[in-house]
Amino acid sequence: MQNLVILTGSGISAESGVPTFRAADGLWMGHRVEDVATPEAFARDPALVQDFYNRRRAQLADVQPNAAHRALADLAARWDGDFLLVTQNVDDLHDRAHAETPPAAGFELVHMHGELLKAHCTATGRVIDCPGDLAPDQPSPFHPRGVLRPHIVWFGEIPLHMDRIETALARCDLFVSIGTSGAVWPAAGFVQIANHAGARTVELNLEPSFGSRLFDEGVYGPATEVVPGFCSEF
């Protein structure tokens, strides 16, 4: 039995048609990051921020899991050991793939940067499903002074589930990074924790990441090709 941790980034969803939202000029769908992806932006202009994420949420209806998502779901269904899938993506493509192919008992999926299809209360932090649009002053059902905001980790906020992730990395036998740049922390440091634990570390990416030298192995090409190929080894 082996313990497995897989990290996925935007590269695994790109072939499904999920936009990265950040263009070459640094803008997200025509907006500066500071205007739509910080707590200060939400306090300053909640209408703009809610509209930005409402549009991102609506776009999920037009995309489907691809061969890479489904290969990981198939792997999770037959994996004999603990399997933690950590995604930096806020889309629901992993969730849908695993709903199609139910995983084995040792599997867990965590969204470290939040989820587009959820919102949370500004007063209590409680999370609620959010399949539709949010109004600028959407009242929270949990607290009279709370409003609902996108359940997204914005710049300056701490990623979710970090204790769970670091515990799994410290005891994993195999760590695989898929479709990530290796430039965003703390995820960029996961390979170092896995290396310290003595795990085999593998990078699957379109091209070598900033941290490619830290991995034992690297396989490069489109996610829909390299991920199914890698998963077929098990």
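This text follows the structure it describes.
Residues numbered from 1 in each chain as written. Predicted model: local features only at pLDDT ≥ 70, side-chain atom pairs only at ≥ 80, totals over all residues. Heavy atoms only, no water.

Enquirer: Describe the side chain of His 113, with residues and values.
Expert: Note that His 113 resides in the loop between β3 (107–111) and β4 (114–121). Not counting residues up to four positions away in its chain, the partners in contact with His 113 are Thr 87, Gln 88, Val 90, His 151, Ile 152, Val 153 and Pro 159. (Helix = DSSP H or I, 4+ residues; strand = E, 2+ residues; numbered from the N terminus. Contact = heavy atoms within 4.5 Å.)

Enquirer: Go over the nonpolar core with me, naming the residues and quoting the values.
Expert: Core analysis: the largest hydrophobic core is formed by 22 residues, its most contacted members being Ile 6, Phe 83, Val 176 and Val 227. Within the residue set of this core, elements represented by two or more residues are β1 (4–8), α4 (67–78), β2 (83–87), β7 (174–178), β8 (200–205) and α8 (223–231). (Core = buried A, V, L, I, M, F, W, Y, C linked by side-chain atoms within 4.5 Å. Buried < 20%, exposed > 50% of the residue type's maximum accessible area, 1.4 Å probe, protein only.)

Enquirer: Tell me about the packing of aromatic side chains, and please be specific about residues and values.
Expert: Counted by the stated rule, this structure contains eight aromatic pairs. A centroid spacing of 5.5 Å and a plane angle of 65° characterise the contact between Trp 79 and Phe 234, whose relative ring orientation is edge-to-face. Taken together, the residues Trp 79 in the loop between α4 and β2 and Phe 234 in the segment after α8 connect sequence positions 155 residues apart. Residue class for Trp 79 comes out buried when judged on its relative accessible area of 9%. The class for Phe 234 is partly exposed, based on a relative accessible area of 33%. (Phe/Tyr/Trp six-rings, centres within 6.5 Å; stacked < 30°, edge-to-face > 60°.)

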